[in-house]
Amino acid sequence: MAPLSRQGGDSMLLATNFIGGMVPAGGAVVIERSRACLSGGAMVHTFEKFGAYRDVGPETGSDVLACLVAESAEGLAVLSQDGRYRFVNPAGCRLFDAILVELLGTPSAFDLGVLDGESWSVVQDGLPSTSGTREMEYSGHAVSLRGELMYTVRFRSLEQTRRQERKLAAFVRTAASIAGERRLGAVLDTLADEVRAATGMATCAVVLFDEHTHAATYAGKSGLPGDYIQRSEQCRRNGVSLLTRRAYETGWTSFGHRQEILNDPMFAPMHDIVESEDWDTYVAVPLIVRDHTIGALAGFHAAGSSPTPDDIRFLTAMADHAAASVDNARLLARLQNQAAREERYRLARDMHDSVTQALFSLSLHAQAAEFMISEDPCADVRAELGEVRTLAQSALQEMRTLIMHRRPAALRADGLTTALRKQAAEVSAGTGLDIQVECRVEPDGLDEHLEEDLFRMAGEALHNVVKHAKATSVRVRLSRGEDDPSVLILDIVDDGIGFDQHTVGRRQFGLTTMAERVAAHGGTFAVVSSAGGSGTAVRARLPGALPDWSWSSEIWEVA
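All figures in this text were calculated on a predicted structure; none of them were measured in a lab.

What counts and how
Residues numbered from 1 in each chain as written. Predicted model: local features only at pLDDT ≥ 70, side-chain atom pairs only at ≥ 80, totals over all residues. Heavy atoms only, no water. Buried < 20%, exposed > 50% of the residue type's maximum accessible area, 1.4 Å probe, protein only. Helix = DSSP H or I, 4+ residues; strand = E, 2+ residues; numbered from the N terminus. Contact = heavy atoms within 4.5 Å. Patch = residues over 30% accessible without salt bridge, like charges linked within 9 Å, V, L, I, M, F, W, Y side chains within 5 Å. Areas by Shrake-Rupley, 256 points an atom, 1.4 Å probe, with all protein chains shown as cover. Salt bridge = Lys/Arg side-chain N within 4 Å of Asp/Glu carboxyl O. Pairing = 2+ DSSP bridges. Phe/Tyr/Trp six-rings, centres within 6.5 Å; stacked < 30°, edge-to-face > 60°. pLDDT = per-residue confidence, 0-100. Expected span 1.5 Å × (residues − 1). Core = buried A, V, L, I, M, F, W, Y, C linked by side-chain atoms within 4.5 Å.

Visitor: Could you give an account of helix H10 (residues 268–276), naming the residues involved and the relevant values?
Guide: All of the buried residues in H10 are Pro269, Met270, His271, Ile273 and Val274. The secondary structure elements touched by the buried residues of H10 are helix H7 (228–237), helix H9 (258–263) and strand E11 (279–289).

Right under this line is the structure:
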């Protein structure tokens, strides 16, 4: 017999020799063989159906069973009467970390006395390997092959079985977390922790990409060094095609390796981290929901622990969990925003139909009463009525402004920059404020909810200036971030009297509302002010809101 190797064809030949002549005609067997291939750097698992065999003869039947033996994920072995290996299939060779010729004729560690065909036993495999001695779970029974007593044994790594149990438990716990936790960040952090615990991965992250700007956000993470995300962004700016983005753009699982990172100068910001960590293979699995890719589940495996096909299947299942969680959270947010907008529009209609009309009527009656009272005896009364009319007109103007803010028709019709100009012009016309609107970016394609919240934030800030600041001029500025062009920044700065931020008083509600609007989109809100005439500056910073294009520089003066 020619020397046998790791190749499946030789194993199948030996399996055929053992099985040949033992398959009765009339059997029905269907074979599906898994096949792995590379496409665009991603391993793709497909299945080739070899067909159903009916009324097969002995020769064809033995080939069919030999194929099943060769493709089995479990270790399969045939032992002689004295417990020596006569045959081991490819999966068994992999478990023993040996080639077939190294096993043939050697004593097995299996206890032949417990092979009853039903129960499973545990044994140390007793074979040297790079990972040391391992525990095997095995079962089998005695058979007569060509008149000779032999034993067939099924066996598998107990560690692999435990890993499967950990993966199942992680899957179930993650499902429970999705059902019971409404905070998306907490769900995805838990998912990343569970993936690491089940697979032994060194790191895990859930990376989401904005559907308009394609900017990346690490929505869930586990095991990442503190500045990993910033360094990854620096690599992207250097021109690196990150595997998470590749998985997102292609919809394929992507693989990378430690040495590829260390050999690429564009990965320089990551070199010292990778060198100091026990990382090896990097894998990124796409997050797909409703036939759209929204991100990737990615991470490093520890050195010496490359992902197996079973690991990839588990990561794909967990990626489906993550994608469903993100989709549900986004759907809930859209429904909440829609309900809030509809309620604001209803309030605007109600205020216009009731309160505004009542204030207008009050103002007219006060003015009529002034004309009806004689001049000298009722001067005090006339003065009081004049004050009532002034207050009514002021309240009427403020109510109209609030209605405009609640139902921004200009925003829907003209976009954010034009709506900001119209808003500033209306406030300026009613108050005499010198308002300068500067737009250094034309934010086309912004999320409509983000546009509306920025518009309302600007309106609230201008309202605060009119009510409290005693300012003469205001500057509204829309721009990109200096260090990151995907960041959108809105600044409103006045030259008023300022205020003590520790005692904001009536301004607190407005400032809190603005901060909440910005935080809802993953942004940050800041206020800089102090009493004594230094003015006030408010800033909203929205990472990932802008694409890397459509830059302009325009300034409008509003008299």
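Visitor: Residue-level account of a nonpolar patch on the surface, with values.
Guide: On the surface, a nonpolar cluster with roughly 270 Å² of combined accessible area is contributed by Leu168, Phe171 and Val172. If you trace the backbone, Phe171 turns up in helix H5 (residues 158–180). Since its relative accessible area comes to 31%, Phe171 is described here as partly exposed.

Visitor: Could you give an account of the pairing of strand E8 (residues 204–209), with specific residues and numbers?
Guide: Within E8, six of the six residues are buried, leaving the element largely enclosed by the surrounding structure. Burial along E8 is two-sided: the residues Cys204, Val206 and Leu208 and Ala205, Val207 and Phe209 are all buried. Note: E8 against strand E9 (residues 216–222), six bridges, orientation antiparallel. Residue pairing across strands places Val206 opposite Gly220, the latter belonging to E9. Pairing analysis gives four bridges linking E8 to strand E12 (residues 292–302), with the strands arranged antiparallel. Its bridge partner being in E12, Ala205 is matched across the sheet by Ala298.

Visitor: Quick one: what's the story with the packing of aromatic side chains, residue by residue and with numbers?
Guide: As enumerated under the stated definition, the model contains ten aromatic pairs in all. A ring pair is formed by Tyr282 and Phe300, whose centres lie 4.6 Å apart and whose planes are at 65 degrees; its orientation type is edge-to-face. In this pair, Tyr282 sits in strand E11 while Phe300 sits in strand E12, placing the two residues 18 residues apart along the sequence. Phe300 sits in the buried class, given a relative accessible area of 2%. Of the aromatic side chains, those joined through ring pairs into one cluster are Tyr85, Phe96, Phe110, Tyr138 and Phe155.

Visitor: Go over the pattern of salt bridges with me, naming the residues and quoting the values.
Guide: One pass over the full model with this rule turns up 16 salt bridges. With a closest N to O distance of 3.4 Å, Asp82 and Arg84 form a salt bridge. Residue classification places Asp82 among the exposed residues on the basis of a relative accessible area of 52%. Residue Arg84 is classed as partly exposed on the basis of its relative accessible area, which comes to 36%.

Visitor: Summarise the confidence of the model for the chain; cite the residues concerned and give the values.
Guide: Fine structural detail should not be taken from predicted coordinates in areas where pLDDT scores are low. Across the chain, the average pLDDT comes to 76, with 72% of residues at 70 or higher. In the predicted structure, residues 17–58 sits below a pLDDT of 50 and forms 83 contacts with residues beyond four places in sequence or in another chain.

Visitor: Kindly report on helix H15 (residues 448–469), identifying the contributing residues and their values.
Guide: In this model H15 runs 30 Å from its N-terminal to its C-terminal C-alpha over 22 residues, within 8% of the 32 Å that 1.5 Å per residue would give. H15 sits mainly inside the fold: 17 of its 22 residues count as buried. Downstream of H15 by a residue or two, Lys470 has a phi angle that is positive, lying close to 55 degrees.

Visitor: Account for the side chain of Thr281, naming residues and giving values.
Guide: Relative to the assigned elements, Thr281 resides in strand E11. With residues up to four places along the chain from it excluded, the contact list for Thr281 reads Phe255, Gly256, His257, Gly299, Phe300, His301, Ser306 and Pro307.

Visitor: Any details on the environment of Leu158? Residues and values, ideally.
Guide: Note that Leu158 resides in helix H5. Setting aside residues up to four positions removed in sequence, Leu158 forms contacts with Val122, Glu135, Met136 and Glu137.

Visitor: Account for the nonpolar core, naming residues and giving values.
Guide: Formed by 37 residues in total, the largest nonpolar core has its most connected members in Ile435, Leu488 and Leu490. For this core, the elements supplying multiple residues, two or more each, are helix H14 (416–431), strand E13 (434–441), H15, strand E14 (473–480), strand E15 (488–494), helix H16 (507–519) and strand E17 (536–542). Broken down by element, this core gets its largest block of residues, nine residues, from H15. Membership of the second largest hydrophobic core comes to 26 residues, among which are Met201, Val206, Ile294 and Val326.

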